[in-house]
Amino acid sequence: MSLVIDLAEAALYSCIGIVLMALGNFLIDLIIPCSFPEEIKKGNKAVGFVSAGTNISVGIILRAAVASPEAEDALDAALATGIVSSLLYFAAGILFFMLGYIVIDKINRQYRLSEEIGKGNTAAGIMVAGIFIGLSAVISGVII
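These numbers were taken from a predicted model, which means no experiment stands behind them. (Residues numbered from 1 in each chain as written. Predicted model: local features only at pLDDT ≥ 70, side-chain atom pairs only at ≥ 80, totals over all residues. Heavy atoms only, no water.)

Asker: Explanation requested: a nonpolar patch on the surface in the structure shown.
Answerer: A contiguous nonpolar patch, built from Phe96, Leu99, Val103 and Ile107 and spanning about 370 Å² of accessible area, is present on the exposed surface. Given a relative accessible area of 60%, Ile107 falls into the exposed group. (Patch = residues over 30% accessible without salt bridge, like charges linked within 9 Å, V, L, I, M, F, W, Y side chains within 5 Å. Areas by Shrake-Rupley, 256 points an atom, 1.4 Å probe, with all protein chains shown as cover. Salt bridge = Lys/Arg side-chain N within 4 Å of Asp/Glu carboxyl O. Buried < 20%, exposed > 50% of the residue type's maximum accessible area, 1.4 Å probe, protein only.)

What follows is the structure in structure tokens.
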């Protein structure tokens, strides 16, 4: 029976993860003034890297929220605690991704990240993905 419950929880968290990854990409797309869906259709690798970085980062944060000691301590409320933690840490993560992006973009005077990503500059996309993944490592470290 435990296996069935574990599989059901994995399915639920996977669905939550998919929704939050899509929401995360939508929110990040708001601060980078190019349409992610249109740019992906054009083959813009920079946007692909930013999107991948967002998805990986959201996954890292959600994994930490689900595996946090608080969720494991309250077995009866573990699912509810895990879901609430996932939503709260997702919101904090996206907020810090946006803040990190804006700060790095403002500090750098040599180029505008938004313009470079819109033009398909792969290096700019990788740089932003790295910012998001690095921040998710910090946030997940605080959670666990």
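Asker: I would appreciate a short explanation of helix α1 (residues 2–31) in the present structure.
Answerer: Residue pairs spaced three or four apart in an α-helix point in one direction, given the helix's 3.6 residues per turn. Along its 30 residues, α1 runs 43 Å from first to last C-alpha, staying within 8% of the 44 Å computed at 1.5 Å per residue. Among all positions in α1, only Tyr13, Ile16, Gly17, Leu20, Gly24, Asn25, Ile28 and Asp29 are buried. (Helix = DSSP H or I, 4+ residues; strand = E, 2+ residues; numbered from the N terminus. Expected span 1.5 Å × (residues − 1).)

Asker: Please explain the side chain of Ser57 as it appears in this structure.
Answerer: Here Ser57 shows up in helix α3 (residues 45–66). Ser57 sits in the buried class, given a relative accessible area of 0%. Looking at Ser57, its side chain comes within polar contact range of the main-chain oxygen of Gly53, at 2.6 Å. Excluding anything up to four places from it in sequence, Ser57 contacts Phe97, Phe132, Ile133 and Ser136. (Polar contact = N/O pair within 3.5 Å; in protein donor to acceptor, adjacent residues only side chain to side chain. Contact = heavy atoms within 4.5 Å.)

Asker: Looking at this model, I keep getting lost on the nonpolar core. Mind explaining?
Answerer: Inside soluble globular proteins, nonpolar side chains tend to come together where they are buried. With 27 residues, the main nonpolar core has Ile28, Ile32, Val50, Ile117 and Phe132 as its most contacted residues. If you list the elements that add at least two residues to this core, you get α1, α3, α5 (78–107), α6 (113–118) and α7 (122–143). The leading source of residues in this core is α3, at seven residues. Those residues in contact with Val50 that lie beyond four places of it in its chain are Ile28, Ile32, Phe36, Ile117, Gly125, Val128 and Phe132. (Core = buried A, V, L, I, M, F, W, Y, C linked by side-chain atoms within 4.5 Å.)

Asker: I tried to follow the packing of α3 against α7 on my own but got confused; where do I start?
Answerer: How two helices pack is summed up by the angle between their axes together with the distance between the axes. Taken N-terminus to C-terminus, the directions of α3 and α7 make an angle of 5°; their axes are 7 Å apart at the nearest point. Classed by the angle they form, the pair α3 and α7 counts as roughly parallel. In this structure, α3 contributes Lys45, Ala46, Phe49, Val50, Gly53, Thr54, Ile56, Ser57, Ile60, Ile61, Ala64 and Ala65 to the contact, and α7 contributes Thr122, Gly125, Ile126, Val128, Ala129, Phe132, Ile133, Ser136, Ile139, Ser140 and Ile143. When the residues that make up the contact of α3 with α7 are grouped by side-chain class, the tally is 15 nonpolar, seven polar and one charged. (Axes fitted to C-alpha atoms, helices over the stretch in contact; angles between N-to-C directions. Parallel < 35°, antiparallel > 145°, perpendicular 65-115°, else oblique. Nonpolar A, V, L, I, M, F, W, Y, C, P; charged D, E, K, R; others polar.)

Asker: So what exactly am I meant to see when it comes to the packing of aromatic side chains here?
Answerer: How two aromatic rings sit relative to each other is given by the distance of their centres and the angle of their planes. Inspection of the entire model under this criterion finds one aromatic pair. Both rings, one in Phe97 and one in Phe132, keep their centres 5.0 Å apart while their planes meet at 20°; by these two values the pair is stacked. In this pair, Phe97 sits in helix α5 while Phe132 sits in helix α7, placing the two residues 35 residues apart along the sequence. Assessed through its relative accessible area of 0%, Phe97 is described here as buried. Note on Phe132: relative accessible area 0%, which makes it buried. (Phe/Tyr/Trp six-rings, centres within 6.5 Å; stacked < 30°, edge-to-face > 60°.)

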